[in-house]
Amino acid sequence: MAYGATGPTAASICSREGSHNIVAVRFQSQKLVDASLAEDKLGKAGAARPRKQEGCSVPATWEEVANLEGLQLPPAVAVECMKGSSLTEAEVADAVEYTINARSTVVSGPRLRATAWLTWAALSAVGGDIVETGVFTGGSTALMLRQVVEKAARCDTKLWAYDSFKGLPPTSSQDEKKGVGVVGKQGEYSAGRAQFDTNVANALQGRSYRERLQVTAGWFNETLPASQVKRIAFLRLDGDLYVSTMDALQALYDKVAPGGYIYVDDYLSYRGCKRAVDEFRLARNIAAPLHVVLETGGQIEAVWWRKPDC
Ligand SMILES: C[S@@+](CC[C@H](N)C(=O)[O-])C[C@H]1O[C@@H](n2cnc3c(N)ncnc32)[C@H](O)[C@@H]1O
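Residues numbered from 1 in each chain as written. Predicted model: local features only at pLDDT ≥ 70, side-chain atom pairs only at ≥ 80, totals over all residues.

Quick look at the overall build of the protein chain now. What the protein chain contains, in helices and strands, is eleven helices and nine strands. The buried share of the protein chain, reckoned over its 310 residues, is 50%. (Helix = DSSP H or I, 4+ residues; strand = E, 2+ residues; numbered from the N terminus. Buried ≥ 20, exposed ≤ 12 C-beta atoms within 10 Å, placed from the backbone.)

Let us look at the confidence of the model for the protein chain. Counting all residues, the mean pLDDT for the protein chain is 78, and 72% of those residues have values of 70 or more. Contacts of residues 5-21 to residues separated by more than four positions or lying in other chains number 28 contacts, the stretch itself having pLDDT below 50. Confidence drops under pLDDT 50 across residues 24-81; counting only partners more than four residues distant or on other chains, this segment forms 105 contacts. (pLDDT = per-residue confidence, 0-100. Contact = placed C-beta atoms within 7 Å.)

Okay, the nonpolar core next. The biggest cluster of nonpolar side chains holds 75 residues, and the ones touching the most others in it are Leu 118, Ala 122, Leu 252, Val 264 and Trp 304. Among the elements that take part in this core, helix H5 (residues 109-125) stands out by supplying ten residues, more than any other. (Core = buried A, V, L, I, M, F, W, Y, C linked by C-beta atoms within 7 Å.)

So, on to the pairing of strand E6 (residues 232-237). Counting buried positions along E6 gives six out of six residues, so the element sits mostly inside the fold. As defined by bridge partners, strand E3 (residues 129-133) adjoins E6 across five bridges and the pair is classed as parallel. Across the sheet, Asp 129 pairs through a bridge with Ile 232, a residue of E6. Sheet analysis places E6 next to strand E7 (residues 256-264), joined by five bridges and oriented parallel. Bridged to Leu 235 within E7 is Ile 262. Between the parallel elements E6 and E7, the chain passes through helix H10 (residues 242-252) in a crossover that is right-handed. (Pairing = 2+ DSSP bridges. Right-handed = clockwise from strand over helix to strand, strands pointing away.)

Turning to the packing of H5 against helix H6 (residues 139-151), a few remarks are in order. Relative to each other, H5 and H6 sit at 30 degrees, their axes nearing to 10 Å. Taken together, the axis directions place H5 and H6 in an arrangement best described as roughly parallel. Between H5 and H6 the crossing geometry is right-handed. Contact residues: Leu 112, Thr 115, Ala 116, Thr 119, Trp 120 and Leu 123 in H5; Ser 140, Leu 143, Met 144, Gln 147 and Lys 151 in H6. (Axes fitted to C-alpha atoms, helices over the stretch in contact; angles between N-to-C directions. Parallel < 35°, antiparallel > 145°, perpendicular 65-115°, else oblique. Left-handed = near helix turned anticlockwise from the far one by under 90°.)

Those residues of helix H8 (residues 193-203) that sit buried are Phe 196, Asn 199, Val 200 and Ala 203. End-on, the buried residues of H8 take up no more than an arc of 95 degrees, which puts them together on one face. Where H8 is buried, its residues touch helix H4 (89-101) and H6. (Arc of directions from axis to C-beta.)

Compared with the 18 Å implied by 1.5 Å per residue over 13 residues, the 18 Å span of H4 between its first and last C-alpha is a close match. Those residues of H4 not exposed but buried are Val 92, Ala 95, Val 96, Thr 99 and Ile 100. Summarising the axial view, the buried residues of H4 lie within an arc of 130 degrees, below the 170-degree limit, and thus occupy one face. In H4, those exposed residues whose orientation departs by more than 90 degrees from the buried face are Ala 90, Asp 94 and Asn 101. (Expected span 1.5 Å × (residues − 1).)

Looking now at the site of the ligand. Thr 105, Gly 134, Ser 140, Ser 164 and Ser 244 are the nearest of the 23 residues found near the ligand. Taken together, the residues of the shell around the ligand sort by class into eleven nonpolar, nine polar and three charged. (Near = placed C-beta within 6 Å. Nonpolar A, V, L, I, M, F, W, Y, C, P; charged D, E, K, R; others polar.)

Here the focus is the packing of H6 against H8. As a packed pair, H6 and H8 sit with axes 9 Å apart at the nearest point and diverge in direction by 35 degrees. The two elements H6 and H8 cross, and the hand of that crossing is right-handed. Note on element contacts: H8 touches H6 through Asn 199, Val 200 and Ala 203, opposite Gly 139, Thr 141, Ala 142, Leu 145 and Arg 146. Residues that form the contact of H6 with H8 fall into these classes: four nonpolar, three polar and one charged.

Further remarks concern the pairing of E7. Buried residues dominate E7, accounting for seven of its nine residues. The sheet contact formed by E7 and strand E9 (residues 300-306) spans four bridges and is antiparallel. Directly across from Tyr 261, in E9, lies its bridge partner Arg 306.

This brings us to unusual backbone geometry. In terms of backbone geometry, most residues other than glycine have negative phi values and most peptide bonds are trans. One non-glycine residue, Tyr 189, lies in the positive phi region at around 60 degrees. By the secondary structure assignment, Tyr 189 is in the loop between helix H7 (173-176) and H8. Even without being a glycine, Asn 285 presents a positive backbone phi close to 55 degrees. Among the secondary structure elements, Asn 285 is positioned in the loop between helix H11 (271-283) and strand E8 (290-294).

Among the secondary structure elements, Thr 99 is positioned in helix H4. Accessibility expressed as a C-beta count within 10 Å gives 26 for Thr 99, which makes it buried. Thr 99 sits 104 residues away from Ala 203 along the chain, and the two C-alpha atoms are 7.9 Å apart. Residues within four places of Thr 99 in sequence aside, it is in contact with Ser 104, Thr 105, Leu 112, Gly 139, Ala 142 and Leu 143.

Have a look at this one:
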């Protein structure tokens, strides 16, 4: 069923905006900082031309990530799930720089860095597959896929990539209500599957990745409920709109493993996206604190949270 044929899928629940426990994490400075959400400093436009990060440092070991997030990792879990190699700042910086130079993404440097660290944390501490809803030209997908190929101990760990490859579906009234960020436009981010395949192949050159990547083309409301993924360690949502975010949460959240990570790229850049996340968290009574990713200029677009262990 194409989008626009029916109304949005979510029940109408009042948003409890501002009530979440929000924590800001500077992936570029290794500091945990409390921050209030600055609604006047937002906009996806800032992410369209990502800038290179310089002179930054991020946590280089799991212990530092765990301390940063106030989380504890049982060491045995890490050893079991990883090939024994750590992720270093240099590796993250290289991967981010490559992705930006390849012009294969609209995701900013800080959000790519957050994506890299969260992928690693998920693979090391949780175990399970990676899912991205909204892959566009493949930049963030390739960044994560390299880690799946190089770091995950289990050779059946997969990255599941979902996209219409026709751009955004029609917006709904849920995207147009008052709020922060932009509304979005039907057909935006339409790049086609071939561009995605080329960018991923270039980024993964010399690595055997085809069995680790499962790409499904189509609208989320049709593809995600039929997804064969069983256990998700990292769910990366990048579909911009209300319906795209809500469809992903409804279809996939229950498959996120305890302790798994949920990252939302557009929480404070697209009105409907925030609305969908707020409604879903409220309806499901999710109290896990929202962590925000600070952009270079201090503004905020992306957030993430960790599913409780029990
Ligand atoms: C902002 S782009 C993703 C950016 C990408 N992660 C990157 O690295 O640049 C949003 C993508 O989500 C896809 N999308 C949004 N809503 C969708 C839906 N309901 N069904 C299928 N694809 C959707 C669009 O086709 C587009 O490629």
